[in-house]
Amino acid sequence: MSRIAGRFARVEPRLRAGRLVLGLLSDLPRKNCWTIAEWAGERTPHGMQHLLCRASWDADAVRDDVREYVVEHLHDEEAVLVVDETGDLKKGTHTVGVQRQYTGTAGRIENSQVAVYLVYAGERGHAAVDRELYIPRSWTCDPDRCRAAGLGEDTVFATKPELARTMIERFLDAGHHVDWVTGDEVYGGNPKLRTALEERGIGYVLAVACSAEVSTSAGTFRADALAKKVPKRAWQKLSAGPGAKGQRFYDWAVIDLADSAPGRRQLLIRRNRTTGELAYYRCHSTEPVPLAVLVKAAGSRWRVEETFQTEKGLAGLDEHQVRRYPSWARWVTLAMLAHAFLAVVRADEHASRPGPADLVPLSCNEIQRLFTTVVVQPLHDMAHRLGWSDWRRRHQAGSRTSHYRRQAASQT
């Protein structure tokens, strides 16, 4: 918390931000301004709400501090940047960025809010270092709606690959370097993102659809058509990295693509050894690299799924109950900080205290459990608990009265 202290204009919001982060790291079954305020010993949720809505502090500067913290402690010369989006299911139409859209969280089209994240993934660990909220066209073409949600006057529509490019360039412009970027088909199918990475001299292994057309010295083919031409001897069994059940072995093949631009372009094909299912990746590198290097970059993409799972399960990333953009940016940035803390502690524990062979290494879940139990478990007296019971019931009574008044007015 001392790293971000200078981002707050006053001491009160700085201290409250610390309590909010501890609340995000707590074992509360549900994390929002109400539950965290009660857990932290505050009398009402107003202070936490003020911190997210009106207090003077720079969420983007804190985001940059989170990035520096992660890179400093999880630094790896072979780290990979992973881009991906995740959605939060929402009700109504007033929450910033919400509309009916596809989200992988539900696996279907739902009323949801979608954000794109940039994850730094290395051997020591992985954590999100940037975030951008996806604002659909239904919002950007309605200036009044954007203004009401706290979006700037200059808000324009940006695709998810454009948001990914913005975050990657922000990472590079901060003086950091990586050799590889990876992502799913949303990003691999975008020529502008690929070109931007090539211009910055960054290699990529980006997934593409089976229908993607690629050019070889023999002509232009669909990716799945090229896969059928690969001879048996060209497939190699390689691990995409360790998973929950050990090494993740697949069969891999690579085909050189024709392009007059500098660098080397290839189509990487992955085959599931059990089902035979194929996946395809467009690859670029400034210099020729072994197949194992491409496979390692492709295999890094699963880190983003683990990051989302941990950030949501342990740090409340998706449990915010805010409508306006500034509040969203502040909540998710502090959730990223909370998760980064767990990832860094985990990396340091594994490096300095590997532990006996009959114990599995400490996980983020176990670190959170120990931290909240031993270090920050709050103890509140009966008066505090009864006071919050009165507050909730009083608020519910006011909401019920307002509802009845609106209902009566609509019937007259």
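The structure this text deals with has already been given above.
Throughout, residues of each chain are indexed from 1 in the direction in which the sequence is written. Local features in this predicted model are restricted to residues whose pLDDT is 70 or higher, and side-chain atom pairs enter the listing and the counts only when it is 80 or higher, whereas totals over whole chains, interfaces and linings include all residues. Hydrogens and water molecules were not included; the side-chain quantities draw on all heavy atoms of the structure.

Some thoughts on the overall build of the protein
Note the following rule: Secondary structure elements are defined from DSSP: runs of H or I of at least 4 residues count as helices, runs of E of at least 2 residues count as strands, and each element is numbered from the N terminus. With a 1.4 Å probe rolled over the protein chains alone, any residue whose accessible area is under 20% of its type maximum counts as buried; one over 50% counts as exposed, and the rest are partly exposed. For this analysis, residues touch if any pair of their heavy atoms sits within 4.5 Å. Per-residue accessibility takes into account occlusion by the displayed protein chains alone, with areas from the Shrake-Rupley method and a 1.4 Å probe.
Regarding its fold elements, the protein presents 15 helices and twelve strands. Seen through its C-alpha atoms, the protein measures out along the principal axes to roughly 75 × 65 × 40 Å. Within the protein, buried positions represent 47% of all 412 residues. Nonlocal contacts in the protein, meaning residues at least 24 apart in sequence, comprise 63% of its contacts between residues at least 6 apart. Looking at the protein as shown, the accessible area adds up to about 21000 Å², and 50% of this sits on carbon and sulfur atoms.

Quick notes on the pairing of strand β11 (residues 264-271)
Just so we agree on the cut-off: At least two bridges found by DSSP between two strands is the condition for calling them paired.
One ladder, built from six bridges, connects strand β10 (residues 246-256) with β11; its direction is antiparallel. Along β11, the bridge assignment pairs I255 with L267. Inspection of the sheet shows β11 paired to strand β12 (residues 278-285) by eight bridges, in the antiparallel sense. Considered in β12, the bridge of L268 is made with Y281.

Some remarks on a nonpolar patch on the surface
Put simply, the rule reads: Patches were defined on residues exceeding 30% relative accessible area and lacking a salt bridge, with like-charge contacts within 9 Å and nonpolar side-chain contacts (Val, Leu, Ile, Met, Phe, Trp, Tyr) within 5 Å. Salt-bridge detection follows one rule: a side-chain nitrogen of Lys or Arg within 4 Å of a carboxyl oxygen of Asp or Glu.
The grouping of L370, V374 and V375 at the surface amounts to a nonpolar patch, some 290 Å² of accessible area in total. Its location among the elements puts V375 in helix α14 (residues 364-375).

Points about the state of the cysteines
Filter applied, for reference: Cysteine sulfur pairs qualify as disulfides if the two atoms are within 2.5 Å.
Evaluated as defined, the whole model comprises zero disulfides. Between C141, a cysteine without a disulfide, and C146, which holds the nearest cysteine sulfur, the sulfur-to-sulfur distance is 8.1 Å. According to the relative accessible area criterion, C141 is exposed, its value standing at 60%. Cysteine C283 remains unbridged, with the sulfur of C210 as its closest cysteine sulfur at 17 Å.

A short note on the layout of surface pockets
Inclusion rule: Residues are said to line a cavity or pocket when one of their atoms sits within 4 Å of a point; the points come from a 1 Å grid over protein atoms alone, cavities being sets where a 1.4 Å probe fits but cannot get out and pockets being open sets with protein on both sides within 12 Å along at least five of seven lines. Grid points are joined across faces, edges and corners, and a volume is the space filled by probe spheres set on the points. Following the grouping adopted for this structure description, the nonpolar residues are Ala, Val, Leu, Ile, Met, Phe, Trp, Tyr, Cys and Pro, the charged ones are Asp, Glu, Lys and Arg, and the polar ones are all others, Gly among them.
Of the volumes computed, that of the largest pocket is approximately 790 Å³. In terms of lining residues, the largest pocket is bounded by 35 residues, among which H126, W302, R303, E306 and R346 are the most central. Elements with a minimum of two residues in the lining of the largest pocket: β9 (236-243), α11 (291-299), α12 (302-315), α13 (325-352) and α14. The residue inventory of the lining of the largest pocket, partitioned by class, reads 13 nonpolar, 13 polar and nine charged.

Details of the pattern of salt bridges
Summed over the entire model, instances satisfying the criterion amount to 30 salt bridges. For D64, the salt bridge is made with R63, and the minimal N-O distance between the two is 3.1 Å. Residue class for D64 comes out partly exposed when judged on its relative accessible area of 23%. The structure contains a network of salt bridges with shared partners spanning D60, R63, D64, R67, E68, D130, R131, E132 and R170.

Description of the pairing of strand β2 (residues 99-103)
As defined by bridge partners, β2 adjoins strand β3 (residues 108-121) across five bridges and the pair is classed as antiparallel. Paired with Q99 across the two strands is S112, which belongs to β3. The loop that links β2 with its antiparallel partner β3 comprises four residues; one of these, G107, has a positive phi angle of about 75°.

Considerations on the packing of helix α1 (residues 11-24) against helix α3 (residues 46-53)
To keep things clear, this is the line we draw: Whenever a helix is involved, its axis is fitted only over the stretch in contact; in every case the axis is a line through C-alpha atoms, and angles between N-to-C directions fall within 0 to 180 degrees. Angles are sorted into four bins: roughly parallel if under 35 degrees, roughly antiparallel if over 145, roughly perpendicular if 65 to 115, and oblique for all others.
Axis separation between α1 and α3 bottoms out at 10 Å; the angle between their running directions is 105°. Here α1 lies roughly perpendicular to α3, going by the angle between them. The segment α1 lies against α3, with P13, R16, A17, R19 and L20 engaging G47, M48, L51 and L52. Its residues assigned to classes, the contact of α1 with α3 comprises six nonpolar, one polar and two charged.

Observations regarding the packing of α3 against α13
Close contact between α3 and α13 brings their axes to 7 Å; oriented N to C, the two are set at 105°. Overall, the two elements α3 and α13 adopt an arrangement that is roughly perpendicular. Of the residues in α13, those touching α3 at L51, L52 and C53 are P326, S327, R330 and W331. Among the residues forming the contact of α3 with α13, the class breakdown is five nonpolar, one polar and one charged.

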